[in-house]
Every structure is written in C-alpha cells, then in structure tokens.
Amino acid sequence: MSIRHTSGPLTGTQRITGKLLATQGYVVGIEISGSGARQSVALADLDGNILHRIRRPLEYVPDTETVLALIDEMLTEVTGPEQLRNGRILRVGIAVGGLVDAALGIVRTLHHAQGWDNFPLQDYFTERLDVPCIIDNDANAAALAETTRGVGVGERVVLYVGMGRGIGGGLVVNGNIYHGMTCTAGEIGHILVKEHGPKCSCGSLGHLEAIASAQAIVRAMIGLSVEYPETEAAIRRVTGDRAERITAEQVFRLAAEGDKIAQHIVNEVHTYLGIALANIVHLVNPGMIVLGGPVALAGELLIAPLRARILELCLPAATQSLRIAQSSLGTDANLMGAVTLALQDI
Ligand SMILES: [Zn+2]
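Remember, it's a predicted structure, so these values are computed and weren't measured experimentally. (Residues numbered from 1 in each chain as written. Predicted model: local features only at pLDDT ≥ 70, side-chain atom pairs only at ≥ 80, totals over all residues. Heavy atoms only, no water.)

(A) Just the packing of aromatic side chains, in detail. Applying the stated criterion to the full structure yields three aromatic pairs. Considering the side-chain rings of Trp116 and Phe119, the 5.6 Å spacing of their centres and the 70 degrees angle between planes classify their relative orientation as edge-to-face. Pairing Tyr124 with Phe125 gives two aromatic rings, centres 5.0 Å apart and planes at 85 degrees, and the pair type is edge-to-face. Given the relative accessible area of 27%, Tyr124 is considered partly exposed. Phe125 sits in the buried class, given a relative accessible area of 0%. (Phe/Tyr/Trp six-rings, centres within 6.5 Å; stacked < 30°, edge-to-face > 60°. Buried < 20%, exposed > 50% of the residue type's maximum accessible area, 1.4 Å probe, protein only.)

In structure tokens:
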C-alpha cells in the first residue's frame, strides 16, 4: 500500500496511507441469501459490535429488484439520524450467498435466482450510499468473521464450512480470504463425492451439497419416510404435525434416538462430508475446520463422528494439529462476516 504524500503538515489524525485509521463512526453489514430465507442489514460500531439489525425473510427465491428494494427499506431503518449519533457510516460490507467476484465487485450468479448474473453489486451500493463497499461470498465472509471474532481466533489456516440450503466453504490463510484465480476457491459444495449420486443445485450429480446440505438432508428424510410409517410418525411428533418444517438438526436428533431412516441419512452425511474434508485436509493442512449453518446446529452429533472419520481417512501428520469445531457465531456468521468485511483495514 503506497504512502500518500500531502502538501500540508501531517497531523496525528491525518490519513497518510490507504487505510482509514478511523476512531469513530460505523460500518454496515448486509447479508443477501441465495434462497431468499435471509436478507439482513446491521449497523455496527468499529469494534464489530452490532448495534441495530433487521432481518426480512422472503418466502420465495428473490430477483434483484425485490431484494434491493427490501434492503433499501432496511437500510433506511437501520441508518436513520437517530442511530448515527457518533459519526457517519465509513464502509459497507456485503455477504452474498452465491458466486461472487470479490476483485471486480460483481455477483457472478445466485443459483435459481433471477437477474443476478454479473450484477455490479459493489458499484450499486457504493453509488447508492456514497461510501466504499466490499462484497464477497457469504462463506468467505463467515470464515473471516470466525477467524477475527469467533472460534477460530488465533488460527493461521482456517476452513469454514457453511451448511445451509447449499454448502459453502471459505479458506482464510494468515488473516486473508484465499480467493483463487477467479474467486471460486472454497466452493466445496460442488466437490464430487459420489459418482451418479443425487442431483446438485448446479445441475451435476453426486456433489457434496446434494447429500449433506440442510435441504438435501430434509428432502431425503421426507422422501424416504413415505415408505416407513414409524419414521413418518416420528417426524410428525417432532414437528407438531408439520412435516415440511423438519430441520436437519431434528434429523440428527431422531438418528440419535434410534430412527433407522434418520440414521441412514446421517451416516451418508458423515461418510461423504468426511471424504470431502479429508481430501481438503491433505491439500491445505488447516489448523481448524469450523462447521457452521443450520446443519452444524446438530453440534457434536455432527462433529464427533465426522472427526473420527477424518482422522481415519487422513495421514496422521496431516491431522496432528487439526481441530474441528462448531461455529461460535452460529446463524449470525454471515451477517458478522459482512460486518467483518466492512471493518477490514479500518
Ligand atoms: Zn454442484
């Protein structure tokens, strides 16, 4: 980063590098999910504490106009004059649940959502709000948040695995997100784990996401239960007769209680997630794998067998200092990721 020479005398607070060196003000974090389930806006102080937040889910997969209008509304509420008593907004960070080119500031695509292909989201918000804006993939942002203010603090090589509707991954090395050449590094949901396996959101067969995402787990449970009355009854019992609302976490609990169908599904998750992560461990040798998103709410029911599986599949030297942990930011990880993006270099 180059030193900026100024003609006047330098004072202690003067900006002499590309960094903001701010002591007061705010940042805004915005979360845009590919599924429509989560659109959030948060106002945070410069220590990353969220002061005010709003979350508006949509019941359908959103197009750009719907999402941007919704975020506009939320921004107005979150950044009103009464909220900004201690300065102005210095930067905006946006975590997007799709393919993002962080270097160019564009959304490449959100699977199944309309109007996002090559959308210049960074320019849109920079112009709209008149402050610098940083965008990235939501799992990348969550990975950064977990290493900055979550369970991965102090770790040099962290792999974050976000297991929600899809599966996203983010790799943080020495405090920086590793993007790769075209910003697709970490797209681990599309690793092939089972040839001729179930169909993935991208259209291919046998990808990790098609087996171990929350949506895949829930679909398999509901689909298979049709032929197993005991499982169907168990689903009705834990969902209050609203089977369609069953969560991945509940499938793990039913497996632990002995339901054979749930056990089969959970076993598939451990088997194929284990294969994917063991392969990644041999490539990048991480110090920590952080599991986040709705599937990770199953906690040790997910992690303990997975840890055993990875240890079994990996060279001992590759896992010598590996820890596998549940996200400490939980369902806030993506939004905290957006805030963390905004706070970089401030
Ligand atoms: Zn795929």
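From this point, the discussion proceeds with the structure in view.
(B) Looking closely at the coordination of the zinc ion. Protein-derived coordination of the zinc ion comes from His190 (ND1), Cys200 (SG), Cys202 (SG) and His207 (ND1), at a distance range of 2.0 to 2.3 Å. Taken together, the four donor atoms coordinating the zinc ion span angles of 99 to 115 degrees at the metal, a pattern that classifies the geometry as tetrahedral. Sequence positions of the residues that donate to the zinc ion give the spacing H-x9-C-x1-C-x4-H. (Donors = N, O, S within 2.8 Å, 3.2 Å for Na, K, Ca; no water. Tetrahedral: all angles 85-135°; square planar, octahedral: opposite > 155°, others 65-115°.)

(C) Region of the structure containing the sheet that holds strand 10 (residues 176-177). A sheet is described by the order of its strands in space; here five strands give the open sequence 10-9-8-11-12, paired in mixed fashion. Of all strands in the sheet, those bounded by a partner on one side alone are strand 10 and strand 12 (323-326). By the bridge criterion, four bridges tie strand 11 (residues 288-292) to strand 12 in an arrangement that is parallel. Bridge pairing in strand 12 links Leu291 to Gln326. Where helix 8 (residues 260-284) meets the sheet, its contacts fall on strand 8 (157-163), strand 9 (167-173) and strand 11, and the angle it forms with strand 8 comes to roughly 160 degrees. (Pairing = 2+ DSSP bridges. Helix = DSSP H or I, 4+ residues; strand = E, 2+ residues; numbered from the N terminus. Contact = heavy atoms within 4.5 Å. Axes fitted to C-alpha atoms, helices over the stretch in contact; angles between N-to-C directions.)

(D) Broad picture of the pattern of salt bridges. Per the stated rule, a full pass over the model turns up 14 salt bridges. Here Asp332 ties to Arg53 by a salt bridge, and the two come within 2.8 Å at their closest N and O atoms. Of the two residues, Asp332 is situated in the loop between strand 12 and helix 11 (333-343) and Arg53 in strand 3 (residues 50-55); the sequence distance between them amounts to 279 residues. Of the charged contacts, one joins Arg56 and Glu77 as a salt bridge, the two residues approaching to 3.1 Å between their closest N and O atoms. In this pair, Arg56 sits in the loop between strand 3 and helix 1 (64-78) while Glu77 sits in helix 1, placing the two residues 21 residues apart along the sequence. According to the relative accessible area criterion, Glu77 is partly exposed, its value standing at 38%. One continuous salt-bridge network, built from bridges that share partners, spans Arg56, Glu73 and Glu77. (Salt bridge = Lys/Arg side-chain N within 4 Å of Asp/Glu carboxyl O.)

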